[in-house]
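Observations on the three-dimensional arrangement
Read off the chains here:
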Amino acid sequence: MSLFLSAVSLALAAGAHARVHEEAFDLPVQVTHSSGKRFSQPIRVTVWTDDANPKPSPVLVLNHGRAPDAEGRQKLGRARYGDAARFFLRHGFIVAVPTRIGYGVSGGEDLENSGPCQRKSYAPGFAAAADQVAATLEAIRQRPDAAQDRAVIAGQSFGGATTLAAAGRNLPGVVAAIDFAGGAGGNPKLQPGRPCSPHLLESTLGSYGKTARVPVLWLYAQNDQYFGPTHPREWFDAFRAAGGTGEFIEFPPQGEDGHQTFARFPQTWHPPVAAFLERQGFPALRPDPVAPETVPAAGAPPLPAHVPTTRDEASHD
């Protein structure tokens with residue numbers, strides 16, 4: 001595929017054979033902000049594949065969250081979500097994780113700033129992020145090992161809201177979406193459980209139900225310190241009232257902050273997500289082999305100096 005720039009290539013060794021591969025490439029994207037300004041720049045996309053999966057493989061685009069400050073957004077480095085990606089690989093997917101404009105190695109202006117707490121304008125930021133989801137999906141679908149008609153969009157926190165925005169576009173080949181604690185405007189330190197302008201967030205997320213024609217799985221925990229226990233259900237109800245379809249699952253409290261369920265409590269969300277994917281016709285979850293040693297693939301360039309850590313993959317707004 002001509003778009004691949006060979007930034008990183010890894011493999012997990014299973015005996016003498018490489019099985020799970022991680023690559024990264026720079027994808028040129030164009031985003032038009034609500035101000036009318038047009039942004040054109042490359043973003044870094046991490047791609048996970050598994051030699052054992054049948055080809056062509058369905059595609060899953062996985063979207064990261066948003067740190068509340070510029071320093072945190074820069075520290076994202078390259079979005080990877082390695083553990084979650086391996087779960088989806090076991091369902092047969094090619095997994096693509098874009099690092100959006102304004103974050104980590106992609107850099108650029110912050111296109112997702114939604115303004116003051118009491119006067120949030122959420123839709124433009126979600127639209128800019130959804131533009132990059134669409135570009136990522138189109139690029140991955142050009143691969144000879146990627147299916148053209150079977151794709152899923154998923155995301156955590158701001159990435160979950162981005163998933164809803166993308167679902168409302170009914171992108172070619174997308175058949176389902178998964179929202180992990182989606183939303184924006186939360187700050188567990190200053191106002192735990194009380195996101196900024198929740199009524200505006202409700203109207204924005206609800207509006208995607210007017211056009212979304214794919215089932216969406218919404219996953220939240222009771223003790224979400226960003227959004228609280230009631231707002232997510234109201235957002236889902238607004239989405240359904242507008243015509244959207246899907247399922248809402250509320251987990252019992254997870255650790256000190258249920259907003260971290262995606263990153264820190266995968267054993268909680270694995271079963272319902274596996275069941276949801278099987279209902280959409282995707283292969284049942286393969287058994288997880290004993291974790292092999294991570295080694296560079298033959299002929300691959302060395303790892304960059306910064307490889308995102310667990311903190312980089314933690315959930316944000």
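Above this text is the structure in question.
Read on for an overview of the structure. (Residues numbered from 1 in each chain as written. Predicted model: local features only at pLDDT ≥ 70, side-chain atom pairs only at ≥ 80, totals over all residues. Heavy atoms only, no water.)

Points about the pattern of salt bridges
For the structure shown, the criterion picks out 17 salt bridges. With a shortest N-O distance of 3.3 Å, R19 and D50 are connected by a salt bridge. In this pair, R19 sits in strand 2 (residues 17-32) while D50 sits in strand 3 (residues 38-50), placing the two residues 31 residues apart along the sequence. A salt bridge links R44 to D26; the nearest nitrogen and oxygen atoms lie 2.3 Å apart. One end of the pair, R44, is in strand 3; the other, D26, is in strand 2, with 18 residues separating them in the sequence. Judged by relative accessible area, which is 22%, D26 ranks as partly exposed. (Salt bridge = Lys/Arg side-chain N within 4 Å of Asp/Glu carboxyl O. Helix = DSSP H or I, 4+ residues; strand = E, 2+ residues; numbered from the N terminus. Buried < 20%, exposed > 50% of the residue type's maximum accessible area, 1.4 Å probe, protein only.)

Thoughts on empty space enclosed by the protein
Where empty space is left becomes clear once a probe the size of a water molecule has been rolled over the atoms. On inspection of all chains with the given rule, the structure shows two cavities of 30 Å³ or more. Approximately 70 Å³ is the volume attributed to the largest cavity. Along its surface, the largest cavity is lined by Q156, F180, A181, L219, Y220, A221, F251, G258, H259, T261, F262 and W269. Of all the secondary-structure elements, those providing two or more residues to the lining of the largest cavity are strand 8 (216-221) and helix 7 (261-264). Element by element, the count of residues in the lining of the largest cavity is highest for strand 8, at three residues. In terms of residue class, the lining of the largest cavity is built from eight nonpolar, four polar and no charged. (1 Å grid on protein atoms, 1.4 Å probe; cavity = no way out; pocket = protein on both sides within 12 Å on 5 of 7 lines; lining within 4 Å. Points joined across faces, edges and corners; volume = space filled by probe spheres on them. Nonpolar A, V, L, I, M, F, W, Y, C, P; charged D, E, K, R; others polar.)

Quick word on the packing of aromatic side chains
Enumeration according to the criterion identifies 18 aromatic pairs in this entry. Here the aromatic rings of Y81 and F262 are separated by 5.3 Å at their centres, their planes lie at 80°, and the arrangement is edge-to-face. A residue pair is termed long-range when its members are at least 10 positions apart, and Y81 in the loop between helix 1 (70-74) and helix 2 (82-89) and F262 in helix 7 qualify at 181 residues. The exposure classification of Y81 matches that of F262, with both residues buried. The rings of Y81, F87, F88, F93, F180, F262, W269 and F282 are connected pair by pair, giving a single aromatic cluster. Positioned above the aromatic ring of F282 is the side chain of R150, whose terminal nitrogen or guanidinium carbon lies 4.2 Å from the ring centre. (Phe/Tyr/Trp six-rings, centres within 6.5 Å; stacked < 30°, edge-to-face > 60°. Lys NZ or Arg CZ within 6 Å of the ring centre and 35° of its normal.)

Just distances and angles here, no functional claims.
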